[in-house]
Amino acid sequence: MTIAAAFWPRKFPHLPKGTPRLFEVEKGTQVRGDCHWQRDPREHATLVLVHGLEGSSDSGYMRGTAERAFAAGFNVVRLNQRNCGGTEHLTPTLYHSGRSADFRAVLMELIERDGLREIFFCGWSMGGNLVLKMAGELGGGAPRELRGVAAVNPCLDLAACVEALGERRNLVYSRHFVRRLKGRMRRKAELYGEIYSLGALGRVRSVRDFDELVTAPHCGFAGADDYYARSSAMHVLGEIRVPALILTAKDDPFVPFGTFEGEAIRGNPKIRLAATEFGGHCGFIAEDRAERFWSEARVVEFCGELATETQRHGGSERQLSNG
């Protein structure tokens, strides 16, 4: 399902064209969101979507969830992480799995500038780690406007996930990520040659190599192990105080199911864990055409249960079919 979902031909006829918007997440750094606003945005709940490693706001699961959520009455922001979606020019820095502060900045701008009263975040894989990390770091101090978070196949334990990705059976996935990461670094070096050298790329054979030789030295970590330890959401899951949905599959090839069996998840009443036997990594392809991409429907359903604004103003999900 991991591969099938990535290449499944999809159309999104019910998703209107997005309006691009730049969010300043720190001085000198902006991220771009593709926004879909209801007629009166303040009278509707808002869902912010965060993609995974080497994805973008145009990833199929981002657009599919956006279409379903917009039809259900939500405002939707499909957010690119730093450098993603062709935005390398918006920051001299790199993106990585620990930059949860970027999403806190987006959250606060939507509250303070836009006056939005109900905001949800959903992330996939790396993005799932980031939104859960954000919620855990906010803890009991989360603004009341943050109504909930959802994460699909989140990489909660980065070291365990990178180790699994390095297994021989996952060679096709590892090569894909390494090729994409190297390509991004070449584009960054063209823009910021005074910061980035390509000399280390020749020694990169795995995602762990990339994190050891590129991510860590450029992002303030002592090495890959330090990066994984400081950036994994598993350390703050117990502090989450807003409703949280975690969707995962027991057959995910590179997010070990054992990472979801700790007390931080089981013992936190705010976290709802739904684990299927099959689904792969961010796949979850169902036989039902109306809910072909099962996890996208569950995310919108979860947010809809909590979104009083959308319910009050009559948001109702139209029947959608993605083939």
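See above for the structure.
Per chain, residues are indexed from 1 in the order of the written sequence. For a predicted model such as this one, the threshold for reporting local features is a pLDDT of at least 70, and the threshold for listing and counting side-chain atom pairs is 80 or more; totals across whole chains, interfaces and linings nevertheless cover every residue. The basis for every side-chain value is the complete set of heavy atoms in the structure, and neither hydrogens nor water enter the calculation.

## Quick word on the overall build of the protein
Operational definition: Only DSSP runs of H or I covering at least 4 residues are called helices, and only runs of E covering at least 2 are called strands; the numbering of each starts at the N terminus. Here the globule rule is a power law, 2.2 Å times the number of residues to the power 0.38, and the radius of gyration is based on C-alpha atoms. Exposed residues in this analysis have more than 50% of their type's maximum accessible area, buried residues have under 20%, and partly exposed residues fall in between, with area computed by a 1.4 Å probe over protein chains only. When checking whether two residues touch, look at their non-hydrogen atoms; a contact exists if any pair is within 4.5 Å. Accessible areas in this description were obtained via Shrake-Rupley with a 1.4 Å probe; residue shielding takes into account the shown protein chains only. When charges are tallied, Lys and Arg are placed among the positive residues and Asp and Glu among the negative ones, while His and the ends of the chain are skipped. Here the site of a charge means NZ on Lys, CZ on Arg, CG on Asp, or CD on Glu.
Of the regular secondary structure elements, the protein holds 11 helices and eight strands. Taking 323 residues into account, the globule formula puts the C-alpha radius of gyration at 20 Å, and the protein, at 19 Å, falls close to it. Along the first, second and third principal axes, the C-alpha set of the protein runs to 55 × 45 × 40 Å. The buried share of the protein, reckoned over its 323 residues, is 59%. In the protein, 76% of the contacts between residues at least 6 apart in sequence involve partners at least 24 apart. Taken as a whole, the protein presents about 13,700 Å² of accessible surface, with 49% of it coming from carbon and sulfur. Averaging the coordinates of the 43 positive side-chain charges in the protein and doing the same for the 40 negative ones gives two points 4 Å apart.

## Re the side chain of Thr 248
The topology assignment puts Thr 248 in strand S7 (residues 244–249). On the accessibility criterion, Thr 248 (0% relative accessible area) is buried.

## Observations regarding the packing of helix H7 (residues 207–219) against helix H8 (residues 224–231)
Packed helices, taken two at a time, are described by the angle their axes make and the gap between the axes. Spelled out, the test is: Every angle, taken between N-to-C directions, lies between 0 and 180 degrees, and every axis is a line fitted to C-alpha atoms, over only the stretch in contact when it is a helix. With respect to orientation, any angle under 35 degrees is reported as roughly parallel, any angle over 145 as roughly antiparallel, any angle of 65 to 115 as roughly perpendicular, and every other angle as oblique. Three classes are used, and their members are as follows: Ala, Val, Leu, Ile, Met, Phe, Trp, Tyr, Cys and Pro are nonpolar, Asp, Glu, Lys and Arg are charged, and the others, Gly among them, are polar.
Across the interface, H7 lies against H8 with an axial gap of 8 Å and an inter-helix angle of 90°. Looking at the two axes, H7 sits roughly perpendicular to H8. Each of Val 207, Arg 208, Asp 211, Glu 212, Thr 215 and Ala 216 in H7 lies in contact with H8, whose residues at this interface are Ala 224, Asp 225, Tyr 227 and Tyr 228. Grouping the amino acids of the contact of H7 with H8 by side-chain chemistry returns five nonpolar, one polar and four charged.

## As for the side chain of Thr 87
The condition is simple: Under this definition, polar contacts are N or O atom pairs within 3.5 Å; protein pairs additionally need one hydrogen-donor-capable and one acceptor-capable atom, and for neighbouring residues in sequence, both atoms have to be side-chain atoms.
Summarising the element assignment, Thr 87 is placed in the loop between strand S4 (75–79) and helix H3 (101–112). Within the local environment of Thr 87, its side chain forms a polar contact with the backbone oxygen of Cys 84, the two atoms lying 2.7 Å apart. Not counting residues within four places of it along the chain, the set of residues in contact with Thr 87 comprises Arg 32, Gln 81 and Arg 82.

## Concerning the pattern of salt bridges
Note the following rule: When a carboxyl oxygen of Asp or Glu lies within 4 Å of a side-chain nitrogen of Lys or Arg, that pair is called a salt bridge.
Inspection of every chain in the model, using the stated rule, returns 21 salt bridges. Residue Arg 21 is joined to Asp 114 by a salt bridge in which the shortest nitrogen-to-oxygen separation is 2.7 Å. With a gap of 93 residues between them, Arg 21 in strand S1 (residues 19–26) and Asp 114 in the loop between H3 and strand S5 (119–124) connect regions that are remote in the sequence. The same class applies to Arg 21 as to Asp 114, namely buried.

## Notes on the nonpolar core
Nonpolar side chains in soluble globular proteins generally cluster together in the buried interior. Selection criterion: What is meant by a nonpolar core is a set of buried Ala, Val, Leu, Ile, Met, Phe, Trp, Tyr and Cys residues, joined one to another through side-chain atoms within 4.5 Å.
Counting 68 residues, the largest nonpolar core has Leu 79, Ile 119, Phe 121, Leu 132, Leu 146, Val 149 and Ile 240 as the members making the most contacts within it. By residue number, the principal contributor to this core is helix H4 (residues 126–138), which donates seven residues. Sequence-distant contacts of Leu 132, that is, excluding residues within four places in its chain, are made with Val 149, Ala 151, Pro 154, Leu 156, Ala 233, Val 236, Leu 237, Ile 240, Ala 244 and Ile 246. With 28 residues, the next largest nonpolar core counts Phe 12, Ala 72, Val 300 and Cys 303 among its residues.

## Observations regarding the pairing of strand S2 (residues 29–36)
Just so we agree on the cut-off: Between any two strands, pairing holds if DSSP finds at least two bridges.
Among the eight residues of S2, seven are classified as buried, and the element is accordingly described as predominantly covered. The sheet contact formed by S1 and S2 spans seven bridges and is antiparallel. Bridging from a neighbouring strand, Leu 22 pairs with Arg 32 of S2. Hairpin connection, S1 to S2: the antiparallel pair is bridged by two residues, and Gly 28 has positive phi, about 85°. When S2 meets S4, the two strands line up antiparallel, connected through four bridges.

## Section: the sheet that holds strand S6 (residues 146–152)
Reading across from one edge, S1-S2-S4-S3-S5-S6-S7-S8 is the order of the eight strands in this open sheet, with mixed pairing throughout. At either margin of the open sheet sits one strand with a lone partner, and together these are S1 and strand S8 (271–276). Along the sheet, successive strands turn relative to each other by an average axial angle of 20°, direction set aside. Bridge count between strand S3 (residues 46–50) and S4: five bridges; the pairing is parallel.

## Focus on the packing of helix H6 (residues 171–191) against H7
Viewed as axis vectors pointing N to C, H6 and H7 meet at an angle of 30°, and their least axial separation amounts to 9 Å. Between H6 and H7, the angle is such that the two are roughly parallel. Residue-level inspection shows Phe 177, Val 178, Leu 181 and Met 185 of H6 in contact with H7, the latter providing Val 207, Phe 210 and Val 214. Residue classes in the contact of H6 with H7 are distributed as seven nonpolar, no polar and no charged.

## A word on the packing of aromatic side chains
We describe a pair of aromatic rings using the distance from one ring centre to the other and the angle between the two ring planes. What counts, and what does not: Two aromatic rings from Phe, Tyr or Trp, using only the six-membered ring of Trp, form a pair when their centres are within 6.5 Å; if the ring planes differ by under 30 degrees the pair is stacked, by over 60 it is edge-to-face, and anything between is tilted.
The final tally for this structure, using the stated rule, is eight aromatic pairs. Taking 5.3 Å as the distance between ring centres and 40° as the angle between the ring planes, the aromatic pair formed by Tyr 227 and Tyr 228 counts as tilted. For Tyr 227, a relative accessible area of 5% translates into the label buried. A relative accessible area of 3% places Tyr 228 in the buried class. Aromatic side chains Phe 257 and Phe 260 sit 6.2 Å apart centroid to centroid with 35° between the ring planes, which places their arrangement in the tilted category.

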